[in-house]
Amino acid sequence: MRAIPRRLLPCTAVTAALTLVGGCGLASSNVESAVDADERGPITFATSDTSGVVPSLIKRWNDRHPDEKATFIELPEDADQQRQMMIQNAQLKTDTYTVLNLDVVWTSEFASHRWIDRLPADSFPFGKTLGPINDTADYRGKWFAMPYASDGALLYYRKDLLEKAGIDKPPETWDEMREICDKVLGGQKSKMSCYGGQFEKYEGLTVNFSEAINSAGGEVTDAKGIPHLDTPEARRGMDQLVESFKDGTIPKSGITYMEEQGRRAFEKGDLLFYRNWPYQYAISDKKAKNNEVAGKFGVAPIPGEKGPGASSLGGHNLALSSSARNKATALDFMRFMTNEQSARIKLEKASLAPVFSKLYDEPEYVKKFPYLPVLKKSILGAEPRPRVVQYGDATKAVQNESYNALTGKKSSQAALRGLQRQLRALAP
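From a predicted model like this one, the values you see are computed outputs, not experimental measurements.

Asks: Talk me through the packing of aromatic side chains; I want residue IDs and the actual numbers.
Replies: Counting across every chain of the model gives 20 aromatic pairs. Here the aromatic rings of Tyr156 and Phe297 are separated by 5.9 Å at their centres, their planes lie at 50°, and the arrangement is tilted. You can see Tyr156 sitting in strand E7 (residues 154–158) and its partner Phe297 sitting in strand E10 (residues 297–300), a full 141 residues away along the chain. Taking relative accessible area as the criterion, Tyr156 reaches 0% and is therefore assigned buried. Judged by its relative accessible area of 8%, Phe297 falls in the buried class. A ring pair is formed by Phe199 and Phe245, whose centres lie 5.4 Å apart and whose planes are at 80°; its orientation type is edge-to-face.

This is the structure we're talking about:
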C-alpha cells in the first residue's frame, strides 16, 4: 500500500490528494467526546512505521470494511516532526488526520488542548495491560487513547564477542560495561566503539537523558511535574553521559544517532553495545546486506549506576482527532488496531512490545522471542518522561540543555541549573 507523501499540505492543496478520504473541509463538529459518535465512512491513520507492519494491518481492516477503508498517511521517523505535523493539523481543524498514533507522553498535552476526543470508558480492555501502560491513556480520570504498543529500553550487545573474550553475562552497570569494552576492544585495531544510544537533538535525547538521571537514582520531575535536577544524583547521571563522550565510550558520531542510525551502526559492527527499543530485534536478527549481527547478539536491561538501569517508558497510543470525520468508524478501527490479535501480529512480524500482560508469559512466544522476559521487567520498572502538560516546551528544554552539555558548550552543572529553572517555570 502506497503511503501519502511525508508532509502535511496546506488545506488549499490537499483536496485532490484526499478525495478518497473525504476531502479537506472542516469536520462537522469539534467535540470533546466521541462517546456518541455515529458517523461512518473512510478514515486516515497518521503514523510513522519503522516496523513495516502497518500496511498489512490496514489491509486486514480494509478487506473486512470495503465501505470504511483506512488510508495510511506515513509520517517522518523523527518524533518531533510527527508531533508538529499533528499539532498543525489540529490547529487548522482539518479532517486530514483521523486516527493519530501518539507517543505516550503526548496524551495529556493533546487532551488538554482538546486536539483529541475523550473515548468511551469501555473502549479498551485496560484490565489486561501491563500496569504502567494505563496511565499513559488517562487524562484527569478520563480515557483519551487506546494503548497500541508499549516500549522499554533494551541493551543490545554482541554476545559472540563477549563469549570469545570469556565473558558469560552482559554488564549491569556502566562501570562493568566499560570494563567489558576494555577487555573486548582494548589493544585491538578495531573500528568498533563501546556504546551508542540516541543523542541527536530530538525526542530520543529526552529519553536517554531521563534514563541517565533515573538510573543514577535521580528523577527529572516528580508526579506533580516539579523538577529535581539540583541533586547529586542528577549530576552523576549527567556526568556519566558527558564523560562517556569525552573518553570515547560513546563515539563522536554518536551525537548524530537517532534509533535507526544507531541500529545500522550496530549491525555494521561499529558498536559493541547499543541501547534501543524492542522493534530492533526482528530487524537485526534477519540476514541482510550490511547486517553482520544476525544470530550473534543478545539483549539485557540497560546499565545503571549500581545495577540495572531504569528505562524511560516508551510506546504509542491511538487517539482520535477532534476535527476528524467518521468517528464511529475510527473508534472501531482503533479497537481493531489495538486488540489482542493485532498485538500478536505486531509482535510476530515486527517485535513490537505488546500491551497485553499475558503475551509476555506464553511459552511459545518466550521461545521465539527470548527478549520478552527482559522487556517485561524493563516496562514494569520504567519511569515516565517529564510529567508536564506542556510537554513540547519541556522536551525542547531537555534537548537543548543536555545537548549543550554533551557537545561541551556547557558544563553538566550549568546545563542542569538552566534546565531546572526552565522546567520549574512549566510546573503547575
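Asks: Give a detailed account of the pattern of salt bridges, specifying residues and quantitative values.
Replies: Scanning the entire structure with this criterion turns up 25 salt bridges. With a closest N to O distance of 2.7 Å, Asp95 and Arg325 form a salt bridge. A residue pair is termed long-range when its members are at least 10 positions apart, and Asp95 in the loop between helix H2 (79–92) and strand E3 (99–103) and Arg325 in the loop between strand E11 (314–320) and helix H11 (327–338) qualify at 230 residues. Notably, a salt bridge pairs Asp117 with Lys327, separated by 2.7 Å at the nearest N-O pair. Of the two residues, Asp117 sits in the loop between helix H3 (107–112) and helix H4 (131–134) while Lys327 sits in helix H11, which places them 210 residues apart along the sequence. Overall, the relative accessible area of 8% leaves Lys327 in the buried class. A network of salt bridges, in which partner residues are shared, links Arg40, Glu68, Asp332 and Arg335.

Asks: Account for the state of the cysteines, with residues named and values stated.
Replies: As enumerated under the stated definition, the model contains 1 disulfide in all. Two residues, Cys181 and Cys194, share a disulfide whose sulfurs are 2.0 Å apart. Linking Cys181 and Cys194, the disulfide has an S-S dihedral of approximately 75° and is accordingly described as right-handed. Here Cys194 lies in strand E8 (residues 193–196) and Cys181 lies in helix H6 (residues 174–185), a separation of 13 residues in the sequence. For Cys181, a relative accessible area of 5% gives the class buried. A relative accessible area of 6% places Cys194 in the buried class.

Parameters and conventions
- Residues numbered from 1 in each chain as written.
- Predicted model: local features only at pLDDT ≥ 70, side-chain atom pairs only at ≥ 80, totals over all residues.
- Heavy atoms only, no water.
- Phe/Tyr/Trp six-rings, centres within 6.5 Å; stacked < 30°, edge-to-face > 60°.
- Helix = DSSP H or I, 4+ residues; strand = E, 2+ residues; numbered from the N terminus.
- Buried < 20%, exposed > 50% of the residue type's maximum accessible area, 1.4 Å probe, protein only.
- Salt bridge = Lys/Arg side-chain N within 4 Å of Asp/Glu carboxyl O.
- Disulfide = S-S within 2.5 Å.

Read these as layout, nothing more, since geometry by itself doesn't imply function.
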